[in-house]
Amino acid sequence: MTSNLRWKVIAILVVVALAVVAFYPPKDKVKLGLDLKGGVHLVLRVQTDDALKLETETSGERLRDELSRQGVSVGAVTPQDVRSFRVDGVPGDRDADFRRIADEWVGQVFDRASGVGGSYTFTLKSAQATRLRQEAVAQALQTIERRVNELGVAEPIVAPHGEGDQILVQMPGVTDVARAKEIIRSTALLELKIVEDGPAPTREALLAARGGQVPPDLEIVPGSAEAGNAAGTGPVYYLVKRVAGITGRDLRNARPSLDENNQPAVGFSLNQQGADKFSQLTAQNIGRQLAIILDGRIQSAPTIEGRIYDEGRISGSFTQQEVQDLSLTLRSGALPASLTYLEERTVGPSLGADSIRAGVMASAIGLGFVTLFMLAYYKLSGINALVSVSLNLLILMGFMAYIGAVMTLPGIAGFILTIGMGVDSNVLIFERIKEELGAGKSARAAVAAGFDRVFLTILDTHVASLISAAFLFQFGTGPIRGFATTLFFGLLSNVFTAVFVSRTLFELILSRRPQAAKLSI
């Protein structure tokens, strides 16, 4: 064996060893996709109108508060639709002050149009509406990803899908689908607001002292009797400030805890900015109730007994599991908009196991038939093809495990296709070798000429296929990407095994024979 041939053999052994180390044991190293491991596939739509509505209502309330602070008295501030609100009753003698304040506080986001009788309509600018929609989808994507990761799902997929407001979520191995769906779509909007009145058993009783009208800076929020330690078990109602003093954006952490009755509760801590606001809010409202509102419902309304800094607790009729889930959703942040489910598919683990068995069996049968054909048509050289294709599959498995690619059912189809591509390359090479032998060349010269003259053809076909695989991966989704990934790395490993490994095997066999030896092909 020459020194050059020895180094070729060593290189092949090293590559194969690295591949085996990368994927062995396959149960631990090879990551299975949803269709093989089982789990849930969801497509959600972000209701981006909610983000516009929130911006419109918040801006209107912020403008109302600032006008009141600067002594400009106006009538109602009324949302018109998700993109606009109207201010009525602007005093004529303070019109200039109103326009100045409005331009300063909402002018960069809203267009202002004057009406009759001292009314103005503010409409969200188109560019701002587009930005808010895009930000809502991006924030929802990040929030869902954090929640799925908190669930402990292995190798989840959370990615944009289809139209601009859709999100794809795949969670392999998830069995409690209902819980996972509830955690993903839970808005988890936390608000802390000062209670102005309540609790009352009905909305009418709550507003009796105010002529049946809700003041413009207040709103009615429902809660349970337990929230305010009221008698009975039915719903009760509170009148609270419309603008929240503290929101979920001020949270630093949320964790399971126990209340004063040793019942499950959620403890939370605030960031520095939230702690400063909370400290000021509680100091100014000692003796009053503080409503802790989650997703538009009051969970508890304790009385403020002193200044509170950066710690709080949400208590209520929670189970231990509900406390765990609520802590998770609060830690991951509130969704900027509600979600609706467009598509749901659940794959059982037994079905995934059946798919793996079927895929492995199909690959084995395919490899077996190919081997029989190659042995019948190319005699002992067919063994060369078998070794080449087998090493191709080993190296491909190593590639997939090393980069952390997820194996899917279409990926198994890519493995079977890799067998075909490997054999195709061997057929090209073997036929060229037979032509060279027919021209009277020796076995060594025929092998060298066959590989040299076919190399460019194999390279061209594989480069063209690599480009196709790259486009499939770039523009495809889920299963198509799984197939494209396997195809891409199968092409790379096939070039190595068909050209380098196969040639080295021929040279190794011929190196042990005399110059005039014939080749079984």
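First things first, this report covers the structure right here in the doc. Quick caveat: nothing in here was measured; it's all calculated off a predicted structure.

With that settled, the discussion passes to the overall build of the chain. When helices and strands are tallied, the chain shows 15 helices and 19 strands. Taking 521 residues into account, the globule formula puts the C-alpha radius of gyration at 24 Å, and the chain, at 34 Å, lies well above it. Taken over 521 residues, the chain has a buried fraction of 43%. At a minimum sequence separation of 6, the contacts of the chain that also span at least 24 residues come to 71%. Summed over all atoms, the accessible surface of the chain reaches about 25,700 Å², with 57% contributed by carbon and sulfur. In the chain, 52 side chains carry a positive charge and 52 a negative one; their mean positions are 10 Å apart.

A cluster of nonpolar side chains, Phe 455, Leu 456, Leu 459, Val 463, Ile 467, Phe 471 and Phe 475, forms an exposed patch at the surface whose accessible area comes to about 690 Å². Looking at the element boundaries, Ile 467 is found in helix α14 (residues 443-475). Given the relative accessible area of 46%, Ile 467 is considered partly exposed.

Within the secondary structure, Asn 384 sits in helix α12 (residues 381-403). Once residues within four sequence positions are removed from consideration, Asn 384 is found in contact with Phe 430, Ser 502, Leu 505 and Phe 506.

Moving on to the environment of Tyr 341. Relative to the helices and strands, Tyr 341 is located in strand β18 (residues 339-347). Judged by its relative accessible area of 21%, Tyr 341 falls in the partly exposed class. Separated by 2.8 Å, the side chain of Tyr 341 and the backbone oxygen of Lys 181 make a polar contact.

Let us now look at the environment of Arg 99. Assignment of secondary structure puts Arg 99 in helix α5 (residues 95-106). Classification of Arg 99 as partly exposed rests on a relative accessible area of 34%. Counting along the chain gives 21 residues from Arg 99 to Tyr 120, while the straight-line C-alpha distance between them is 9.4 Å. Residues in contact with Arg 99, not counting those within four places in the same chain, are Arg 112 and Tyr 120.

Take the sheet that holds strand β6 (residues 120-124) next. Reading across the sheet, the four strands line up as β3-β4-β6-β5 and stay open at both edges, with antiparallel pairing between neighbours. Single-partner strands in this sheet number two, and they are β3 (77-81) and β5 (110-114). Along the sheet, successive strands turn relative to each other by an average axial angle of 25°, direction set aside. Relative to strand β4 (residues 84-87), helix α4 (residues 49-69) is tilted by about 20°, and along the sheet it contacts β3, β4, β5 and β6. This element, α5, spans β4, β5 and β6 of the sheet and lies at about 10° to β6.

Time to look at the pattern of salt bridges. For the structure on display, the rule yields 24 salt bridges. The salt bridge involving Glu 436 is made with Lys 441; its shortest N-O contact spans 3.0 Å. Judged by its relative accessible area of 4%, Glu 436 is buried. Take Lys 441: its relative accessible area is 32%, and that puts it in the partly exposed class. As a salt-bridge pair, Arg 453 and Glu 436 come within 2.9 Å of each other at their nearest N and O atoms. Taken together, the positions of Arg 453 in helix α14 and Glu 436 in helix α13 (residues 409-438) put the pair 17 residues apart, joining distant regions of the chain. Judged by relative accessible area, Arg 453 falls into the partly exposed class, the value being 49%. When salt bridges with common partners are traced through the structure, they connect Arg 432, Glu 435, Glu 436, Lys 441 and Arg 453 into a single cluster.

What counts, and at which threshold
- Residues numbered from 1 in each chain as written.
- Predicted model: local features only at pLDDT ≥ 70, side-chain atom pairs only at ≥ 80, totals over all residues.
- Heavy atoms only, no water.
- Helix = DSSP H or I, 4+ residues; strand = E, 2+ residues; numbered from the N terminus.
- Rg over C-alpha atoms; globule rule 2.2 N^0.38 Å.
- Buried < 20%, exposed > 50% of the residue type's maximum accessible area, 1.4 Å probe, protein only.
- Contact = heavy atoms within 4.5 Å.
- Areas by Shrake-Rupley, 256 points an atom, 1.4 Å probe, with all protein chains shown as cover.
- Lys, Arg positive; Asp, Glu negative; His and termini not counted.
- Charge placed at Lys NZ, Arg CZ, Asp CG, Glu CD.
- Patch = residues over 30% accessible without salt bridge, like charges linked within 9 Å, V, L, I, M, F, W, Y side chains within 5 Å.
- Salt bridge = Lys/Arg side-chain N within 4 Å of Asp/Glu carboxyl O.
- Polar contact = N/O pair within 3.5 Å; in protein donor to acceptor, adjacent residues only side chain to side chain.
- Pairing = 2+ DSSP bridges.
- Axes fitted to C-alpha atoms, helices over the stretch in contact; angles between N-to-C directions.

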